[in-house]
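Listed here are the chains, written in short residue letters.
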Amino acid sequence: IFICFRTVEPLEYYRRFLKENCRPDGRELGEFRATTHFLSSGSITTADGSALVKLGNTTVICGVKAELAAPAVDSADKGYIVPNVELPSLCSTKFRSGPPGEEAQAASQFIADVIENSQIVAKEDLCIANGKLAWVLYCDIICLDYDGNILDASAFALLAALKNVQLPSVTINEETGLPEVNLKQKNPLIVKKHPVATSFAVFDDTLLIVDPTAEEEDLATGTVTIVTDDEGRLCSVHKPGGSPLTGAKLQDCVTRAITRHKEVKKLIDKVIKSIKPK
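Please read all numbers here as calculations on a predicted model, not as lab measurements.

What counts, and at which threshold
- Residues numbered from 1 in each chain as written.
- Predicted model: local features only at pLDDT ≥ 70, side-chain atom pairs only at ≥ 80, totals over all residues.
- Heavy atoms only, no water.
- UniProt positions renumbered as here; feature names shortened; annotations may be inferred.
- Helix = DSSP H or I, 4+ residues; strand = E, 2+ residues; numbered from the N terminus.
- Buried < 20%, exposed > 50% of the residue type's maximum accessible area, 1.4 Å probe, protein only.
- Core = buried A, V, L, I, M, F, W, Y, C linked by side-chain atoms within 4.5 Å.
- Contact = heavy atoms within 4.5 Å.
- Pairing = 2+ DSSP bridges.
- Polar contact = N/O pair within 3.5 Å; in protein donor to acceptor, adjacent residues only side chain to side chain.
- Salt bridge = Lys/Arg side-chain N within 4 Å of Asp/Glu carboxyl O.

Participant: Teacher, can you tell me more about the UniProt feature "domain: Exoribonuclease phosphorolytic" (unreviewed entry) in the protein here?
Facilitator: Under the local residue numbering, the UniProt record ascribes the feature "domain: Exoribonuclease phosphorolytic" (unreviewed entry) to residues 39-168 and 195-258. Counted over residues 195-258, helix gives 28% and strand 38%. Its end C-alpha atoms are 10 Å apart.

So this is what it looks like as structure tokens:
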């Protein structure tokens, strides 16, 4: 009977749980799904840094590939970070093969904004020779299994993968003017900030639940994602339309996001320490 009711009236089915301050999967409204991080420079052998993140059933892998390029004329002392989020058809029936859909494009833009607003890596640190040579970090984030909250999972994976990056030493030969790469001498990428995303779904315009599943996102009247850094500073607020939030509700989201940041940072630091660099 419950399965039929859930299929025919999914919103009413959810409301009956929400009235009791719980959700069909057993979580309270403010409870996050279990988050696990598997970091290994060998998980993607062709990457310079990588991470696999599971947020409940949502599974995302991030690979960072470093390449050499000339810096932009107007940013002669800076390198580049180029993110790309992919939501392939294999991760969910809601996505189709072909060019990136609207949700994938929005997720890529969100990650680009997080990188820019948080200053996760100082682009000056990616410069090798002013006006001549710099690193480009291509950050490919691919969803393997989609069950909602792709933004939080993507941000976690990006941060974990960047913390895993080892860049070879590069010098420019004075005689030839060509770069010389020493693969035997590698240095970890300097990650200056640790932005963490915390997403909420809004039910019936007023009720907030954290870390929504795909089903909860579909039934919600809106979503909002808060990104904070180590100092509790607000890096960005992502709210793609939907129900408006009062100042008090938004402040509640920020407070919860700051608490969430501390939990995720501890988890990432713990896993990083357990990995021996190659």
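Once you've had a look at it, read on.
Participant: I keep staring at unusual backbone geometry and nothing clicks. Help me out?
Facilitator: Backbone geometry follows two general trends: most residues other than glycine have a negative phi, and most peptide bonds adopt the trans configuration. Within the chain, N21 stands out as a residue other than glycine whose phi angle is a positive 60°. For N21, a relative accessible area of 40% gives the class partly exposed. The residue D205 is not glycine, and still its phi comes out positive at about 70°. Within the element layout of this structure, D205 appears in the loop between β9 (196-203) and β10 (207-210). A residue is classified by how much of its surface remains accessible, and D205, at 45% relative accessible area, is partly exposed.

Participant: I'm lost on the nonpolar core in this one. Help?
Facilitator: When a protein is soluble and globular, its nonpolar side chains tend to lie buried together. Judged by nonpolar contacts, the single largest core of 52 residues is most densely connected at V64, I111, L137, Y146, L162 and L189. Of all the elements, helix α4 (residues 150-163) adds the most residues to this core, at 11 residues. Not counting the four nearest positions on each side in its chain, L162 is found in contact with V64, I120, V121, L137, C139, L189 and V191.

Participant: For this particular structure, what's the right way to read the pairing of strand β8 (residues 179-188)?
Facilitator: Two faces belong to every sheet, and in a regular strand the side chains alternate between them. Inspection of the sheet shows strand β7 (residues 166-172) paired to β8 by seven bridges, in the antiparallel sense. Note that in β8 the partner of L167 across the bridge is N187. Hairpin connection between β7 and β8: a loop of six residues separates the two successive antiparallel strands, and G177 in this loop has a positive phi of roughly 75°.

Participant: Quick question: what am I supposed to make of the side chain of T58 here?
Facilitator: Along the chain, T58 turns up in strand β3 (residues 58-69). For T58, a relative accessible area of 0% gives the class buried. Side-chain polar atoms of T58 contact the backbone oxygen of G148, separated by 2.8 Å. Among residues more than four places away in sequence, those in contact with T58 are R33, V53, D145, Y146, D147, G148 and A153.

Participant: How should I be thinking about the side chain of H261 in this particular structure?
Facilitator: Within the secondary structure layout, H261 lies in helix α6 (residues 247-273). By relative accessible area, H261 is classed as buried at 5%. Setting aside residues no more than four positions away along its own chain, H261 makes contact with H194, V196, T228, D229 and D230.

Participant: Help me understand the pattern of salt bridges in this model?
Facilitator: If the charged atoms of two oppositely charged side chains come close together, the side chains can form a pair. With the rule as written, the count across this model stands at 15 salt bridges. A salt bridge links R15 to E12; the shortest N-O distance between them is 3.4 Å. Of the two residues, R15 and E12 are both situated in helix α2 (residues 10-18); the distance of three residues between them amounts to about one turn of the helix. Classification of E12 by relative accessible area gives partly exposed; the value is 28%. A salt bridge links D204 to R15; its shortest N-O distance comes to 2.8 Å.

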